[in-house]
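Close look at the chain arrangement
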Amino acid sequence: MKGAGFAKRGLVWGTLFTVILVLSLGGVAQAKKPIKIGSVYILSGFAATYGKFAKNGLTLAVEEINKAGGVLGRPFKVTFEDSRAKPPVALRAFRKLVFEEKVDALIGLDSSGVALSVVPVLKELKTPLIITHAATPDVTGKKCNKYAFRVSANLSQNVQVAARIAAKTGARKWTTIGPDYAFGHQTWEYFQKYLKKLNPKVAFMTTTAFPKIATEDYTPYITTIMNAKPDGVIISLWSGDLINFIRQAKKLGFFKGQFKVLMTLGAATEVLYALKDQMPTGIWVGTRYWFLANNSAVNKKFIKAYKRKYHVYPSYNAQNAYAAAYVLKAAIEKAGKVDKEAIVKALEGLEIEVPVGKIKIRAGDHQALLDVSWGKTAADPKYPIRILKPIVTFKGSEITPKVSETGCKR
Amino acid sequence: MNGSARKKALLAFAALVLLGVLPFVVGTYSIMLITEIMIMGIFALSFNLLFGYTGLLSFGHAAFFGVSGYVTAFLLIHDFPSLLLALLLGTLAAALAAIVVGYFSVRLDEIYFAILTLGFGMMFYTLVHQWRSVTGGSDGLTGLVLPSLGIGKLSIDVSSPKSFYFIVAVFFIITILVLLRIVRSSFGLILMSIRENKERAAFTGINIRAYRLASFVISGFFAGVAGGLFAVFDRMASPSMLHWTASAEPVLMTVLGGAHVFFGPVIGAILFFFIEHVITKFTDIWMIFLGAILIPLVIFFPDGVLGTLMTRRKKMREARREGEE
Amino acid sequence: MSLFFMNFLNGISLGMLLFLISIGLTIIFGVLGVLNFAHGSLYMLGAYFCFQIVSLSHNFWGALILAPVVVALVGGVIESMLLRPVYGRDVSFQLLLTFGVLLVLDDAVRLIWGSGYHIVDPPPLLNGVVHLGGFTYPVYSLFILFLGPFIGLGLWAFFRFTLWGKKIRASSMDREMAAGIGINVNHLFTGVFMFGTWLAGVGGALAAPLRAIGPSMGEKIIIESFIVVVIGGLGSFPGAFLGAMILGLINAYGAQYLPKATMALPYILLAIILLTKPRGLLSKET
Amino acid sequence: MSAILEVKELTKNFGKFQAVAGVTLTVERKELTSLIGPNGAGKTTFYNMLSGKFPPTSGRIIFEGRDITGLPSHKIARIGIGRSFQITNIFSQMTVMQNILSALIAHHKKGTSFFSPYWKDAGLVAEAEKILDSLGLLSFAHVPTTQLSYGDKRLVEIGIVLANYPRLILLDEPTAGMTPEETERMIALIHRLAEETDTTFFLTEHDMKVVFSVSQKIYVLHQGRLLAEGTPEEIRENTQVQEAYLGGSVSA
């Protein structure tokens, strides 16, 4: 008892000491004009947890960078804005950040719809943006432009892997359950295209399910799909929708093994922490970063620091935002100055190691080449959530379409 | 009477000068913020013709805002040569949609009218959200290419915040003048009598539905003006423009400012953006603060902020006059 | 077991939940004349409280009893402190005020429980599944399916046979008369609002084991509840039941037969009903 | 004398309840006619059908030889029938002047002037002032009606009706809730208007004093049926009518 009290007191003093240290260090750094980053994520509403993880990841990275002396001797300073998952709100936030806060670079974006609306306007804002979550292929494809970069895996990369795994399962008749917006439909379209190429014998069913976003009751969709007797189902639901779906589907016997199940965004810790042991095992799930997928020092350091600060394992969204800060740091150091056009130049072709692995930002379309891991869900008493076992990792260079195929013309 | 008219003219003049001078003294973002306030002001004013003057609470007004935005965006994405013509076509489309929705909706009253318009609004929302080949589905129509303004040989760079500010300001002033004229016309008086007493109006020989429909279409038309401008301002049309939460915005602004005062919705729009801007500056839990400000405003300003202030001033003046007598 | 029948079960089980939420909305409207925009947020509170109590005590039944009571207390505060000053004003004011309450509650939840998702397990007794032909069906959904009518009947009996029930019905018909026969209208209004929010809390607690509990889960349900009460007839009891069933079934069969249109179906239905029966299917007025 | 209004076998059912059952009556031009009957006799329902608030279940309504059965109220108003209500029915948040102007604008079909300010229409304003003057309300022209006394509010309603220049005016209990002085004033006004204008008055009334002092012809409605008709003297003497009024004397 006494020991515990002592430890507690020690913790209090320790924290206080750290706070004072950080504050005084911050004070020193304050002397130098900070490099301003503007950051826009979904911070309210149904998907707020994704934005929260990204905010945490970015905050952690900035703290680390500043503690280590900043960039070119100047600290990073981040201003966060809420996109509310609405394009007009996000655009207003971007304009505020660029014109009023006078930020030097932008990091953010969860929703593809928001990304597609904002990216074209970057030409007017003349400020580099590093996208960390929004997955629509178009922002580094048809709608690509000089100022838009992405360090996270996009839909086509992720679905390419899904198709490869699907081809290996041997399942012939495929259908989908996905959210009723561009992401869900595009996942299905890309999946058909890629899988057909790998195995021309597969068939795609006409009975598909696209429940609207924030559907409360998935049971009719689940029973309808089960009744159609597919061999395999690819699921592109995410956020609370995925949780609702999994719980309701489990009860209806969806995961009993009558057909293969692939979840393109199943390995999101946002979802796994909510579901814990309710997450079925033996399901193929995809992700844009999985914290146990590699043992690099960079990754270990990140996981340790993240876990210490936030008491949970980092999600892909946290890693992507964390990585973005280091990408920006590297670009500024490469450029040698804090200048938007110079940063843009430096970002093109930049190679850097971040927790997810070594990534390279292609100069052609500004999409990062990064390894994508999928795995089968499994229980492990060492972890409070389901983990992936086995994990398969695909090389970024193999699964990313050539620049000429992306439709990006600048 | 004369003194008050002179005072009003002076006030209008001062407002005009302020509107003209502001973009030269404030920063780029403030220019854009004021531009957005004016666009939303047009939207709220259009809504209030129906709500404040005709007594119909539309909860689907974003449909007309959005339809115009989408038509304008669609045209501009397909290299339509004239911005003004695109805006005009968008606005006409909104008016057309208002004719259809209004034809059915004006039969109902009060909360039923509100819910029916909400239903129609959400049908339009669903349409643009699902019709991927034309509307771009959930992604919307993005990356508009802005042509020149399209008046003769006058070429104005619309994408510059300052010049777009002035374009919007012109629309804003025209909207105010036209709507002001309408609410003070014979037509406007009939609308008010319908608002005050539908039954009496009917037995006076007024065709309630026809007048309501006329009001609905005019209102939809101006919501269209706002929607088209908004699409140009944001270089996109997105489904969120038509969602019921977007319909709630002009309601919020109007009730905040005051529905029974002509300029109430404009004041409401200014207040709304100001509050939001200030709150989001220091916290991302903006909703709790917005709610915490909204609730007392609703309780203590029964006629909206501008409305209540004006009533109070009037009462004070009357009290003073009585004191003098 | 045919898919048709399965979706019938799915539809009415969703309908029952909608019914529980909507009935509180319709009672509040019937007596107070207020359309409560924050009703969905109170439903959300019910789910969060249920989650909190279950994670502390691991007792679902206790949570099912207690959570709605706490929600009702919140409702009492809202009515007596915020709503009371705006009675008699235009409907838009009450909508706006309760919209403000919605904003506050949605963010308060995020402050207290974070922005992540939470789940609640059904009690062990109801955690299983039953086999119906080729399908398995969760016992918990069956439980809701049977509990719905049970609560509905209980409410009906309450309004028909108890003194309070009669008082509430009397004042829903004529507020001034109610005051005239010595009913304390202030107390009655607070009581009715608390009762309505209690029902929202019950809906939330019951939904907790079925839904991901997260911020803004109330916003989704509120528009559906509006549709339910309006197509059934505002203030009408059987109307809320009918409306909820129709909406539940439309959801289920829409997913099966008209997957592309499910999003629009409720609104199309709403428009058709309002245009043919302007006061809803089972309204008291003509 | 010619008939201005002929009602034939007029019936209204609400579900199973028959509110008005086959009533046939005639109102002669310029003859001050009253419709009386105990509470719930169906007078207001009868009026509502005449003025188009809802259509009859069966029967015909002929106004100046023209069948107006089932027309909507705004059309009936335009054809030339005006009405007042039992409970004062005016445009409350507007001034007295605006109340009268609304009706005048409707009458002169000027409601489609979207851009011309109504107060600048000198002819219209003069007309409104004339009507207000005849009602003794001119000094209140720019006062919001909410500030008027009860009796004055009823006068405003009469003013609204007059501004439509109807040839037949239906007055539904015009003196209900009035003080004795206000009632006197109203009776005098009805007399005067009946003399000065071409308008025919058809009223329902609760106050028997009023009925017998103004009416030239009286119809008695009881449980939805026409019980009796005649001059005030004939009705006063009618035993059936006395019974219908709870056995009491009609003049009570």
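In this text the structure is predicted, and so the values were computed from the model without any measurement. (Residues numbered from 1 in each chain as written. Chains lettered and ligands numbered in written order. Predicted model: local features only at pLDDT ≥ 70, side-chain atom pairs only at ≥ 80, totals over all residues. Heavy atoms only, no water.)

1. As for the nonpolar core
Cut-off, in case you're wondering: Throughout this description, the term nonpolar core refers to a set of buried Ala, Val, Leu, Ile, Met, Phe, Trp, Tyr and Cys residues connected via side-chain atoms within 4.5 Å. Partly exposed describes any residue whose relative accessible area lies between the buried limit of under 20% and the exposed limit of over 50%, with all areas from a 1.4 Å probe on protein chains only and scaled to the type maximum. Only runs of H or I of at least four residues qualify as helices and only runs of E of at least two qualify as strands under DSSP, and these elements are numbered from the N terminus. Residue contacts are defined here by distance: any two heavy atoms, one from each residue, within 4.5 Å place the two residues in contact.
Membership of the largest hydrophobic core comes to 436 residues, with the highest contact counts inside it found for Phe-191, Phe-245 and Phe-254 of chain A together with Phe-46 and Phe-202 of chain D. Looking at which element gives the most residues to this core, the answer is helix α1 (residues 3-32) of chain C, with 18 residues. Every residue in contact with Phe-46 of chain D, bar those within four places of it in the chain, is listed here: Val-7, Leu-10, Val-20, Val-23, Leu-25, Leu-35 and Phe-202 of chain D. Residues Ile-36, Phe-212, Val-241 and Tyr-245 of chain D belong to the second largest nonpolar core, which totals 10 residues.

2. With respect to the interface of chain C and chain B
Put simply, the rule reads: The term buried area denotes the loss of accessible surface (1.4 Å probe radius) that occurs when two parts are joined, taken as the sum for both partners. Salt-bridge detection follows one rule: a side-chain nitrogen of Lys or Arg within 4 Å of a carboxyl oxygen of Asp or Glu. A 3.5 Å cut-off defines polar contacts: any pair of N or O atoms within that distance qualifies, except that in protein one atom must be a possible hydrogen donor and the other a possible acceptor, and neighbouring residues in sequence count only when both atoms are side-chain atoms. Classes in brief: Ala, Val, Leu, Ile, Met, Phe, Trp, Tyr, Cys and Pro nonpolar; Asp, Glu, Lys and Arg charged; the others, Gly included, polar.
Each side of the interface is counted separately: chain C has 39 residues, and chain B has 37 residues. Buried area between chain C and chain B, both sides added, is near 3,700 Å², and the carbon and sulfur share of it is 83%. At the junction of chain C with chain B, the criterion picks out 0 salt bridges. Counting across the chain C and chain B interface gives 5 residue pairs in polar contact (both at pLDDT 80 or more). For the side of chain C that touches chain B, the elements supplying multiple residues, two or more each, are α3 (60-83), α4 (91-113), α9 (217-232) and α11 (265-276) of chain C. With 16 residues, the single largest contributor to the side of chain C that touches chain B is α4 of chain C. Counted by class, the side of chain C that touches chain B contains 30 nonpolar, 2 polar and 7 charged residues.

3. Quick word on the pairing of strand β3 (residues 33-36) of chain D
Residue and element names in this part refer to chain D. Applied cut-off: A pair of strands is labelled paired if DSSP reports no fewer than 2 bridges between them.
Neither face of β3 is left uncovered, since the one carrying Thr-33 and Leu-35 and the one carrying Ser-34 and Ile-36 both have all their residues buried. For β3 and strand β8 (residues 200-204), the ladder comprises 3 bridges, and the chain directions are parallel. Its bridge partner lying in β8, Ser-34 is registered against Leu-203.

4. Details of the packing of aromatic side chains
Test applied: Pairing of aromatic rings covers Phe, Tyr and the six-membered ring of Trp, with a centre-to-centre limit of 6.5 Å; geometry is then stacked below 30 degrees between planes, edge-to-face above 60, and tilted otherwise. Geometrically, a lysine NZ or arginine CZ counts as sitting over a ring once it is within 6 Å of the ring centre and also within 35 degrees of the ring normal.
Enumeration according to the criterion identifies 64 aromatic pairs over all chains in this entry. Centroid distance Phe-195 of chain C to Trp-198 of chain C: 6.1 Å. Interplanar angle 10°. Geometry classified as stacked. Placement of both Phe-195 of chain C and Trp-198 of chain C in helix α8 (residues 185-207) is noted, with a separation of 3 residues, approximately one turn of the helix. Joined through ring pairs, the aromatic side chains of Phe-53, Tyr-289, Phe-302, Tyr-306, Tyr-310, Tyr-322 and Tyr-326 of chain A make up one cluster. Lying over the aromatic face of Phe-80 of chain A, Lys-55 of chain A brings its terminal NZ or CZ to 5.2 Å of the ring centre.

5. Re the arrangement of the chains
Counting contacts across all 4 pairs of chains that touch, the top pair turns out to be chains B and C. In this assembly chain A lies apart from chain D, the nearest approach of their C-alpha atoms being 35 Å. What separates chain C from chain D at the closest point of their C-alpha atoms is a distance of 10 Å, and the two make no contact.

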